[in-house]
Amino acid sequence: MAKLEESKVKHILSTLESLEYGTIEVTVHNGQITQIDTTEKKRFSLQQTTPSKSQRTYKNSK
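Residues numbered from 1 in each chain as written. Predicted model: local features only at pLDDT ≥ 70, side-chain atom pairs only at ≥ 80, totals over all residues. Heavy atoms only, no water.

A. The arrangement of the environment of Glu20 in detail. Positionally, Glu20 belongs in the loop between helix H1 (3-18) and strand S1 (22-29). When its relative accessible area of 63% is taken as the criterion, Glu20 is described as exposed. A C-alpha to C-alpha distance of 8.3 Å links Glu20 and Lys42, two positions 22 residues apart in sequence. (Helix = DSSP H or I, 4+ residues; strand = E, 2+ residues; numbered from the N terminus. Buried < 20%, exposed > 50% of the residue type's maximum accessible area, 1.4 Å probe, protein only.)

B. Highlighting unusual backbone geometry. Residues other than glycine seldom take positive phi values, yet Asn30 does so here, at roughly 55°. Inspection of the secondary structure puts Asn30 in the loop between S1 and strand S2 (32-40).

C. The arrangement of the side chain of Thr15 in detail. On the secondary structure map, Thr15 appears in helix H1. By relative accessible area, which is 13% here, Thr15 ends up buried. Within the local environment of Thr15, its side chain forms a polar contact with the backbone oxygen of His11, the two atoms lying 2.8 Å apart. Leaving out residues up to four positions away in the same chain, Thr15 has contacts with Ile24 and Thr38. (Polar contact = N/O pair within 3.5 Å; in protein donor to acceptor, adjacent residues only side chain to side chain. Contact = heavy atoms within 4.5 Å.)

D. Representation of the pairing of S2 within the structure. Sheet topology note: the S1/S2 ladder contains eight bridges and is antiparallel. Looking at the pairing, Gly22 lines up with Glu40 of S2. Where S1 folds back onto S2 in an antiparallel hairpin, the turn is made up of two residues, including Asn30, whose phi is positive at roughly 55°. (Pairing = 2+ DSSP bridges.)

E. Fine view of the pattern of salt bridges. In total, this model carries three salt bridges according to the counting rule given. Residues Lys8 and Glu5 are paired through a salt bridge, measuring 3.5 Å at the closest nitrogen-oxygen approach. Residue Lys8 and its partner Glu5 are both found in helix H1; the two are separated by three residues, about one turn of the helix. A salt bridge links Lys42 to Glu40; the shortest N-O distance between them is 3.3 Å. (Salt bridge = Lys/Arg side-chain N within 4 Å of Asp/Glu carboxyl O.)

Written as structure tokens, this is what we have:
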């Protein structure tokens, strides 16, 4: 592996190590890595501000 290729592989590995959720796409042309795209996703838990239907209590309106 040429030194240039080794640096690309190292870049891919370091990106992979720091990625929690997402994708790494490697584009190859004529046997050479030409592009590395990273898509990172951040996930946030939902916080309910109003009670859900199962938590609501209804009063008898009679």
